[in-house]
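Geometric and topological summary
The residues making up each chain are set out below.
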Amino acid sequence: MLAALSLIPLLAITATVLGDSDTDSLYGTWTSKSHQVFTGPGFYDPVDELLIEPSLPGYSLSFTKDGYFEEAAYRVSGNPQDPSCPTAVLIYQHGTYTVESNGSLILAPFEVDGRQLLSDPCKDSGSSVYSRYNQTVVFKSFLVKLNDYHGVKELVLHQFDGAVMMPMYLAYQPPVMLPTITLNPTKSATSTETGTHNKRSLRGMVKRGLENRYKTSAVKRNREPVNAAAYWWTSLGLIALGSAVFFIF
Ligand SMILES: *[C@@H]1O[C@H](CO)[C@@H](O)[C@H](O)[C@H]1NC(C)=O
Ligand SMILES: *[C@@H]1O[C@H](CO)[C@@H](O)[C@H](O)[C@H]1NC(C)=O
């Protein structure tokens, strides 16, 4: 018993030193520090095409052992001119992933399934813009290791420019994910969207207080992973600033 216990720190040290960058080490659902954003049916309801706003911003990724991924992101960025007007974006994507021989991790979404809900309350007169979203994500490298302090596995992702993202923590194994098939096999954007327009708008208003408008032409694409990283860090900084201001007053 004692011998077995004393092995644990040793194993932890070994794992920390070596880390793991193979496909199997990604298996599971990972979430950022806020522990509020998770992939799966709690984030995106594919039947009603509803993105469900978590209570705090964060990022989640899930990976299967057979090459599928799911991404859920909720980012809030403050407005320096008017702190009461933060911009929020929810992104859902799923598809296939590969780990290349150079160590890069590439997420290739099913292009018809990705969704984005962008809310800019002071610019879009209180309603949100719901649109399709299709953005290949390339991470330069990744490392899975045991976090010595918390005793949980953490995933460290390096953006394409080499910038290190905030670590993500293993939340579920097996992963919590929607079915890893194309949820929206009709390629025609219009047929899907007209079909559920009324139902979705109503549900959206009831559940979220947001009016989901349809602007397929307004599909937002992230420019570069570099910018995404900058946006992300800026967002976190502004959230921190926002909280500070909140406490002072
Ligand atoms: C989705 O993204 C991929 C990779 O960037 C691109 O090849 C494809 O044309 C895009 N599809 C749509 C519908 O924009
Ligand atoms: C690694 O290889 C993949 C596939 O060839 C490529 O897309 C990616 O840019 C490469 N990564 C780096 C860091 O050059």
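Residues numbered from 1 in each chain as written. Chains lettered and ligands numbered in written order. Predicted model: local features only at pLDDT ≥ 70, side-chain atom pairs only at ≥ 80, totals over all residues. Heavy atoms only, no water.

1. Structural notes on the overall build of the chain
As a reminder, the rule being used: Put simply, DSSP marks the helices as runs of H or I at least four residues long and the strands as runs of E at least two long, and each gets a number from the N terminus on. Think of it in three bands: with a 1.4 Å probe and only protein chains considered, a residue is buried below 20% of the maximum accessible area for its type, exposed above 50%, and partly exposed in between. Residue exposure ignores everything except the shown protein chains as possible cover, and the areas themselves are Shrake-Rupley values with a 1.4 Å probe.
Looking only at helices and strands, one finds three helices and 14 strands in the chain. Buried residues in the chain amount to 41% of all 249 residues. When the accessible surface of the chain is summed, it comes to about 13,100 Å², and 62% of that surface belongs to carbon and sulfur atoms.

2. Re the environment of Met-168
Note the following rule: A contact between two residues is defined here by any heavy atoms of the two lying within 4.5 Å.
Topologically, Met-168 is positioned in strand S13 (residues 168–172). Separated by 12 residues in the primary sequence, Met-168 and Val-156 place their C-alpha atoms 6.5 Å from one another. Those residues in contact with Met-168 that sit more than four places away from it in its chain are Trp-30, Thr-31, Ser-32, Tyr-59, Ser-60, Leu-61, Lys-153, Glu-154, Leu-155 and Leu-157.

3. Structural notes on the packing of aromatic side chains
We apply this condition: Centres within 6.5 Å are what make two rings of Phe, Tyr or Trp a pair, Trp counting through its six-membered ring; a difference in plane orientation under 30 degrees is then read as stacked, over 60 as edge-to-face, and the rest as tilted.
Counted by the stated rule, this structure contains three aromatic pairs. On the numbers, 5.6 Å between centres and 65 degrees between planes, the contact of Phe-38 with Tyr-172 is edge-to-face. Separated by 134 residues along the polypeptide, Phe-38 in the loop between strand S1 (28–31) and strand S2 (44–45) and Tyr-172 in strand S13 bring together distant segments of the chain. On the basis of relative accessibility, which here comes to 22%, the residue Phe-38 falls in the partly exposed class. Taking the relative accessible area as the measure of exposure, Tyr-172 reaches 37% and is therefore partly exposed. With a centroid separation of 4.3 Å and 25 degrees between ring planes, the pair formed by Tyr-44 and Tyr-92 is classed as stacked. Separated by 48 residues along the polypeptide, Tyr-44 in strand S2 and Tyr-92 in strand S6 (residues 87–99) bring together distant segments of the chain.

4. Re the site of ligand 2
Quick note on the threshold: Proximity criterion: a residue is near a molecule or strand once any of its heavy atoms comes within 4 Å of it. Nitrogen and oxygen atoms within 3.5 Å of one another constitute a polar contact, given that in protein one can donate a hydrogen and the other can accept it, and given that sequence-neighbouring residues count only through two side-chain atoms. Gly is put with the polar residues, along with every residue not named as nonpolar or charged; the nonpolar set is Ala, Val, Leu, Ile, Met, Phe, Trp, Tyr, Cys and Pro, and the charged set is Asp, Glu, Lys and Arg.
In the region of ligand 2, the neighbouring residues are Glu-100, Asn-102, Ser-104, Ile-106, Lys-140 and Phe-160. Separating an oxygen atom of ligand 2 from a side-chain N or O atom of Asn-102 is a distance of 2.4 Å. When grouped by side-chain class, the residues that make up the shell around ligand 2 number two nonpolar, two polar and two charged.

5. Thoughts on the pairing of strand S9 (residues 128–132)
Selection criterion: Should DSSP find at least two bridges between two strands, the strands are taken to pair.
S9 sits mainly inside the fold: five of its five residues count as buried. For strand S8 (residues 115–119) and S9, the ladder comprises five bridges, and the chain directions are antiparallel. Residue pairing for S9: Ser-119 is matched across the bridge by Ser-128.

6. Here we look at the nonpolar core
Under the convention used in this document: Nonpolar cores were defined as sets of buried Ala, Val, Leu, Ile, Met, Phe, Trp, Tyr and Cys residues, with membership established by side-chain atoms within 4.5 Å.
Residues Leu-61, Phe-63, Leu-105, Leu-107, Phe-139, Leu-155 and Leu-157 are the most contacted members of the largest nonpolar core, which totals 22 residues. For this core, the secondary structure elements donating two or more residues are strand S4 (58–63), strand S5 (68–77), S6, strand S7 (105–109), strand S10 (137–139), strand S11 (141–146) and strand S12 (153–158). Beyond its immediate chain neighbours, meaning those up to four positions away, Phe-139 contacts Tyr-59, Leu-61, Ser-104, Leu-105, Leu-107, Leu-157, His-158, Gln-159 and Met-165. Of all hydrophobic cores here, the second largest spans 13 residues; its members include Tyr-74, Ala-88, Leu-90 and Tyr-92.

7. Quick notes on unusual backbone geometry
If a residue is not glycine, its phi is most likely negative; likewise, a peptide bond is most likely trans. At the junction of Gln-173 and Pro-174, the peptide bond is cis and its omega measures out at 0 degrees in the coordinates. Within the secondary structure layout, Pro-174 lies in the loop between S13 and helix H2 (189–208). With a phi close to 55 degrees, His-35 is a non-glycine residue in the positive phi region. For His-35, the position within the fold is in the loop between S1 and S2.

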